[in-house]
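Next come the chains, spelled out residue by residue.
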2 protein chains.
Amino acid sequence: MRESIMYKIAVDAMGGDNAPEAIVAGIEQARDKMPDTEFLLFGQLDKVKPLVKNAERLTLIQSDEVVEMGEEPVKAIRRKKQSSLVMAAQAVKDGEADAIFSAGNTGALLAVGIFTVGRIRGIDRPALLTVLPALDGPHEAFAMMDVGANAENRPRHLYQYGILGSFYAKEVLGFDNPRVGLLNNGTEEDKGDPIHKEAHQLLKHGAVQSYLNFVGNVESRDILQGPADVVVADGFSGNAALKATEGTALAMLRLIKHAILDGNVKTKLAGLMLKPAMKDIQSRLDYSQHGGAVVIGVKAPVVKTHGSAGPSAVANTMVQIHTMLETDLVAKTEAFVAEHKTDLSKSAK
Amino acid sequence: MRESIMYKIAVDAMGGDNAPEAIVAGIEQARDKMPDTEFLLFGQLDKVKPLVKNAERLTLIQSDEVVEMGEEPVKAIRRKKQSSLVMAAQAVKDGEADAIFSAGNTGALLAVGIFTVGRIRGIDRPALLTVLPALDGPHEAFAMMDVGANAENRPRHLYQYGILGSFYAKEVLGFDNPRVGLLNNGTEEDKGDPIHKEAHQLLKHGAVQSYLNFVGNVESRDILQGPADVVVADGFSGNAALKATEGTALAMLRLIKHAILDGNVKTKLAGLMLKPAMKDIQSRLDYSQHGGAVVIGVKAPVVKTHGSAGPSAVANTMVQIHTMLETDLVAKTEAFVAEHKTDLSKSAK
């Protein structure tokens, strides 16, 4: 007997380096594991249709245009109303789908999240949230936001991120009473520029502190060790810290690979013998198992995975979106924010 | 025949986790290689004197106090006039020494650099400059600044850092026509908050561009690959990027070590066989070979090395200071800044 459909996910089938092949394959993997979910695939049907192996719970919708990776986001979404991305977002706005997924242009996804899906009332600036591995903490991962939706943030945005991140960590990652840290240039309370000093005070003394478990400032040097389950950052330095972390991890792996390839026979043999251990390390660092980056603070799950994602990263992201829908993350966040609107919109004294 | 003394370096013998032992040992190593340099060691003589093996070109000066690692910098240097750090800085101010070195409290060294040694006229905000490995560029290292002297910067500060960094890269690192990049949240010209957009324009169109070889924005993901010889950053995000880079490199090395130690016999054997290659990687990443962090934009070389530095890191830092003195870095920078004062103090249009 067929289960009833609970959720519908709108998919930009054309976004990403490996689209539409990897997208369709990933969606089919996910579909087979999620009997309660239907997928609306927006894309060029002459390309998408031949890739579909089994049409069960897949609805294909023609979209004539594609938002390319390099395009200026806001212009692109204004001009390309018939693009797979904009049509998918419109489906969420019109209530035909519950969430949107894309592996394409991040800025454009952010733009449809903010302008088409819309902000949660009481949240000033939606942010980009990503999940990273926590190598030495009580949990194996942590959420960090904003990692680049905004070039500038005010203290109250960071305060709001504390709440948005806490809900995400609790509902989607399943952490009890998640520890919230503020990314700052020192651990002492008085560190940082005026924005971070004021954000610290709001996070520490705001009226929502009974919900928000603020553990103080954290430094980018330590975040991978897991000193906090939610790392709140302004979009500019959060982006700098995230990219430096990613870049350094990749550089290290490359250095090791080259050392082995350029080494003598003994080194090469050792490299072969170490392969399983290195694979293990790579998988601990690979955070695509926790899904993709989330546009948080908007009225529906808006989620992306990296442009080079293969089918399994796409499928993992569907699991993440499914959890967001199942736990009713957005509605819970909306209710909380509505209740504490006055507090969340204030500045520190 | 004894060579004549050209340079005098004032040393805070009490700063750092391994002081005064590592400091004295490092200074003696350096002294043996620099026949033209005399060292003024400020510290508690009952502790310092017994450590000295050979007193040649070492002058020991009693200082009753020590600025501790955790102390609030500005307060500490105001109150502890008899500390090894403040007395060493005073010696530079009084013309008795040409440069100052400490492995102690970074903030306090910064404070004596700015308040005791003094800013170069025309430089608004001295910065902390550090040298990092460039894994894939034309040179093996690059200079980055500000990595944390300032919590906030204005566009013209970043413009000035372009000049200060270029002089450092040219004179001390020996690079011709060093490529200057601006750390930003994207490579496109219009990326960033208003501060970075304006700084980009100043670096690109300022009157000193004949000297300043600006190559545009760089992202923290790429800096270790060496896209620029001088990376200009505001103190807040520069600090975040540097610490994330350091933290991730350490986390990776730890992961590999644990994978080997916790592995089976084969993995452990492979680990042993890989040791030389891993040592090689660690030494490529170890930027203490390029010396310590420099307070740049002040009237004399003010240089620190990390608190846990051993004798050879101290000795390397002396080589760096010696190069700064030998190339007359400060006087050359001062002359250039004086000549372009009007341009360097302006805002972008």
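Being a predicted model, the structure only gives us computed values, none of them experimental. (Residues numbered from 1 in each chain as written. Chains lettered and ligands numbered in written order. Predicted model: local features only at pLDDT ≥ 70, side-chain atom pairs only at ≥ 80, totals over all residues. Heavy atoms only, no water.)

(A) Representation of the overall build of chain A within the structure. Of regular secondary structure, chain A possesses 12 helices and 11 strands. The C-alpha atoms of chain A give a radius of gyration of 21 Å, which matches the 20 Å a tight globule of 349 residues would have. Its C-alpha atoms put chain A at 65 × 60 × 45 Å along the principal axes. Once local pairs closer than 6 in sequence are excluded, the contacts in chain A between residues at least 24 apart make up 71%. Charge centroids of chain A, computed over 39 positive and 43 negative side chains, lie 3 Å from each other. (Helix = DSSP H or I, 4+ residues; strand = E, 2+ residues; numbered from the N terminus. Rg over C-alpha atoms; globule rule 2.2 N^0.38 Å. Contact = heavy atoms within 4.5 Å. Lys, Arg positive; Asp, Glu negative; His and termini not counted. Charge placed at Lys NZ, Arg CZ, Asp CG, Glu CD.)

(B) Structural view of the packing of helix H1 (residues 21-33) of chain A against helix H10 (residues 311-326) of chain A. Residue and element names in this part refer to chain A. Two elements in contact, H1 and H10, have axes separated by 7 Å at closest approach and are oriented at 50°. Relative to H10, the element H1 is oriented oblique. Every pair of crossing elements has a handedness; the one defined by H1 and H10 is right-handed. Two secondary-structure elements touch here, H1 through Ala22, Ile23, Ala25, Gly26, Ile27, Gln29 and Ala30 and H10 through Pro311, Ser312, Val314, Ala315 and Met318. Residues belonging to the contact of H1 with H10 are distributed by class as follows: nine nonpolar, three polar and no charged. (Axes fitted to C-alpha atoms, helices over the stretch in contact; angles between N-to-C directions. Parallel < 35°, antiparallel > 145°, perpendicular 65-115°, else oblique. Left-handed = near helix turned anticlockwise from the far one by under 90°. Nonpolar A, V, L, I, M, F, W, Y, C, P; charged D, E, K, R; others polar.)

(C) Focus on the sheet that holds strand E5 (residues 127-133) of chain B. All names here are of chain B. The mixed open sheet is built from 11 strands, whose spatial order is E3-E2-E1-E4-E11-E10-E5-E6-E9-E7-E8. Every interior strand has two partners, whereas the edge strands, strand E3 (58-62) and strand E8 (213-218), have only one. Across the sheet, the mean angle separating the axes of adjacent strands is 25° when strand polarity is ignored. Examined bridge by bridge, strand E6 (residues 141-145) and strand E9 (residues 230-232) share three bridges and lie parallel to one another. Within the sheet, the bridge partner assigned to Met144 lies in E9 and is Val231. Lying on the sheet, helix H5 (residues 106-117) is in contact with strand E4 (99-102), E5, strand E10 (293-296) and strand E11 (302-304); it crosses E11 at an angle near 175°. (Pairing = 2+ DSSP bridges.)

(D) Highlighting a positive patch on the surface. A cluster of basic residues, Arg78(A), Lys81(A), Lys93(A), Arg121(A), Lys299(A) and Lys341(A), forms a positive patch on the protein surface. Inspection of the secondary structure assignment puts Arg121(A) in the loop between helix H5 (106-117) and strand E5 (127-133). (Patch = residues over 30% accessible without salt bridge, like charges linked within 9 Å, V, L, I, M, F, W, Y side chains within 5 Å. Areas by Shrake-Rupley, 256 points an atom, 1.4 Å probe, with all protein chains shown as cover. Salt bridge = Lys/Arg side-chain N within 4 Å of Asp/Glu carboxyl O.)

(E) Layout of the pairing of E10(B). Residues and elements named next belong to chain B. By the alternation rule, side chains of E10 split into Ala293 and Val295 and Val294 and Ile296, which are all buried. One ladder, built from three bridges, connects E5 with E10; its direction is antiparallel. Following the sheet pairing, Ala127 is matched in E10 by Ile296. In this sheet, E11 lies alongside E10 in antiparallel orientation, the contact comprising three bridges. Directly across from Ala293, in E11, lies its bridge partner Lys304. (Buried < 20%, exposed > 50% of the residue type's maximum accessible area, 1.4 Å probe, protein only.)

(F) The arrangement of helix H4 (residues 84-93) of chain B in detail. All names here are of chain B. Where burial is concerned, most of H4 is hidden: eight out of the 10 residues are buried. Contact partners of the buried residues in H4: strand E1 (7-12), strand E2 (37-43), E3, helix H3 (73-79), E4 and H5. Trailing H4 by a residue or two, Gly95 shows a phi angle of about 80°, which is positive.

(G) A look at the relation of the copies chain B and chain A. Least-squares fitting of chain B to chain A yields an RMSD of 0.0 Å, with the transformation described by 0.0 Å of translation along the axis and a rotation of 180°. Taken together, the turn and the small shift mark the pair as related by a two-fold rotation axis. When the interface residues of chain B are mapped onto chain A, 100% of them again fall at the interface, so both copies present the same face. (Least-squares fit on C-alpha atoms with pLDDT ≥ 70 in both.)

(H) Region of interest: the interface of chain B and chain A. With 47 residues of chain B at the contact, the number on the chain A side is 47 residues. Note on chain B versus chain A: buried area summed over both sides is about 4,100 Å², and carbon and sulfur give 74% of it. Between chain B and chain A we count four salt bridges in total. With a closest N to O distance of 2.7 Å, Arg221(A) and Glu246(B) form a salt bridge. (Buried area = accessible area lost by both parts, 1.4 Å probe.)

(I) Representation of the sheet that holds strand E1 (residues 7-12) of chain A within the structure. Residues and elements named next belong to chain A. As summarised here, the arrangement of the 11 strands in space is E3-E2-E1-E4-E11-E10-E5-E6-E9-E7-E8, forming an open sheet in which the pairing is mixed. Edge strands, defined here as strands with exactly one partner in the open sheet, are strand E3 (58-62) and strand E8 (213-218). The average angle at which neighbouring strand axes cross in this sheet is 25°, direction not considered. Here strand E7 (residues 179-183) pairs with strand E9 (residues 230-232) via three bridges, running parallel.

(J) Focus on the pattern of salt bridges. A full pass over the atoms with the stated rule returns 20 salt bridges over all chains. The partner of Glu171(A) in a salt bridge is Lys332(A), and the shortest N-O contact between them spans 3.0 Å. A residue pair is termed long-range when its members are at least 10 positions apart, and Glu171(A) in helix H6 (residues 155-171) and Lys332(A) in helix H11 (residues 329-339) qualify at 161 residues. Taking relative accessible area as the criterion, Glu171(A) reaches 19% and is therefore assigned buried. Judged by its relative accessible area of 36%, Lys332(A) falls in the partly exposed class. When the shortest N-O distance is used, the salt bridge between Arg179(B) and Asp229(B) registers 2.9 Å. Taken as a pair, Arg179(B) in strand E7 (residues 179-183) and Asp229(B) in the loop between E8 and E9 lie far apart in primary sequence, 50 residues in all. For the residue pair Arg179(B) and Asp229(B), the accessibility class agrees, reading buried in each case.

(K) Expanded view of the pairing of E8(A). Residues and elements named next belong to chain A. Inspection of the sheet shows E7 paired to E8 by five bridges, in the parallel sense. Note that in E8 the partner of Val180 across the bridge is Phe214. Considered for its hand, the β-α-β crossover made up of E7, helix H7 (residues 194-205) and E8 is right-handed. (Right-handed = clockwise from strand over helix to strand, strands pointing away.)

(L) Region of the structure containing the environment of Ala91(A). All names here are of chain A. Along the chain, Ala91 falls in helix H4 (residues 84-93). On the basis of relative accessible area, Ala91 is assigned to the buried category, the value being 3%. For Ala91 and Asp17, which are 74 residues apart along the polypeptide, the C-alpha to C-alpha distance reads 24 Å.

(M) Quick peek at unusual backbone geometry. All names here are of chain A. With an omega dihedral of -5°, the bond running from Ala19 to Pro20 counts as a cis peptide bond. Residue position: Pro20 is located in the loop between E1 and H1. For Asn177, which is not glycine, the phi dihedral falls at a positive 45°. The class of Asn177 is partly exposed, set by a relative accessible area of 48%. At Asp328, a residue that is not glycine, the phi angle is positive and equals roughly 60°. One can find Asp328 in the loop between H10 and H11.

(N) Examining the domain arrangement of chain A more closely. Residues and elements named next belong to chain A. What the domain assignment reports for chain A is domain 1 (1-123 + 297-327) and domain 2 (124-294). Distance between the C-alpha centres of domain 1 and domain 2: 25 Å. Both faces considered, domain 1 and domain 2 share a buried interface measuring about 1,500 Å² in area, 66% of it formed by carbon and sulfur atoms. Looking at the side of domain 1 facing domain 2, the largest losses of area belong to Leu110, Ile123 and Gln320, adding up to 35% of the total buried there. Our count for the domain 1 to domain 2 interface comes out at zero salt bridges. (Domains from an automatic or database assignment.)

(O) The environment of Ala13(A), seen in detail. Residue and element names in this part refer to chain A. Position of Ala13 among the secondary structure elements: in the loop between E1 and H1. Sequence separation between Ala13 and Val117 is 104 residues; the distance between their C-alpha atoms is 18 Å. Filtering out sequence-adjacent residues up to four positions away, Ala13 remains in contact with Ala19, Pro20, Ile23, Leu41, Phe42 and Val48.

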